[in-house]
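Understanding the architecture of this molecule
Here is what each chain is made of, one letter per residue.
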Amino acid sequence: MSAFIGYSFGLLEPGATVGIYLHGFPADQFSAIDVRARRTSSRPGAFVPSIIVDSRVAGEATDGTLAHTIWVTNVSESQGAAPLPFVDVAVFFEPLQ
């Protein structure tokens, strides 16, 4: 199985939502998407990173490959500091046999 970080961004504002469009997946490959919230290193203990992931669309891109659109919302709760997590989107894929 192969993997790569398809998208990485930091400091997602509280309550903010971002859409991520990933494409280029061959039709003969299995793919999985993992989204992780990480604590900002400058604010240890200030909050617990928490996000909502909504995978709404999977379909064919204009180039004939498969595409996925996901939405990520920051729902971290503050404990005295602004809860601004970093978020990584990792993509795993493997040929279907």
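Anything mentioned here points back to the structure above.
Parameters and conventions
Residues numbered from 1 in each chain as written. Predicted model: local features only at pLDDT ≥ 70, side-chain atom pairs only at ≥ 80, totals over all residues. Heavy atoms only, no water. Pairing = 2+ DSSP bridges. Helix = DSSP H or I, 4+ residues; strand = E, 2+ residues; numbered from the N terminus. Axes fitted to C-alpha atoms, helices over the stretch in contact; angles between N-to-C directions. Core = buried A, V, L, I, M, F, W, Y, C linked by side-chain atoms within 4.5 Å. Buried < 20%, exposed > 50% of the residue type's maximum accessible area, 1.4 Å probe, protein only.

What to know about the sheet that holds strand S2 (residues 17-25)
Remark on secondary structure: sheet strands pair via backbone hydrogen bonds, oriented parallel or antiparallel. Taken in spatial order, the three strands line up as S2-S6-S5 in an open sheet, and their pairing is antiparallel. Where the open sheet ends on each side, the last strands, each with one partner, are S2 and strand S5 (51-60). When strand polarity is set aside, the average angle formed by the axes of neighbouring strands in this sheet is 20°. With eight bridges joining them, S2 and strand S6 (residues 66-74) adopt antiparallel strand pairing.

What to know about the nonpolar core
Core analysis: the biggest nonpolar cluster contains eleven residues, these being Leu12, Ile20, Leu22, Phe25, Val35, Ile51, Ile70, Val72, Val87, Val89 and Val91. When residues of this core are traced back to their parent elements, those giving at least two are S2, S6 and strand S8 (86-95).

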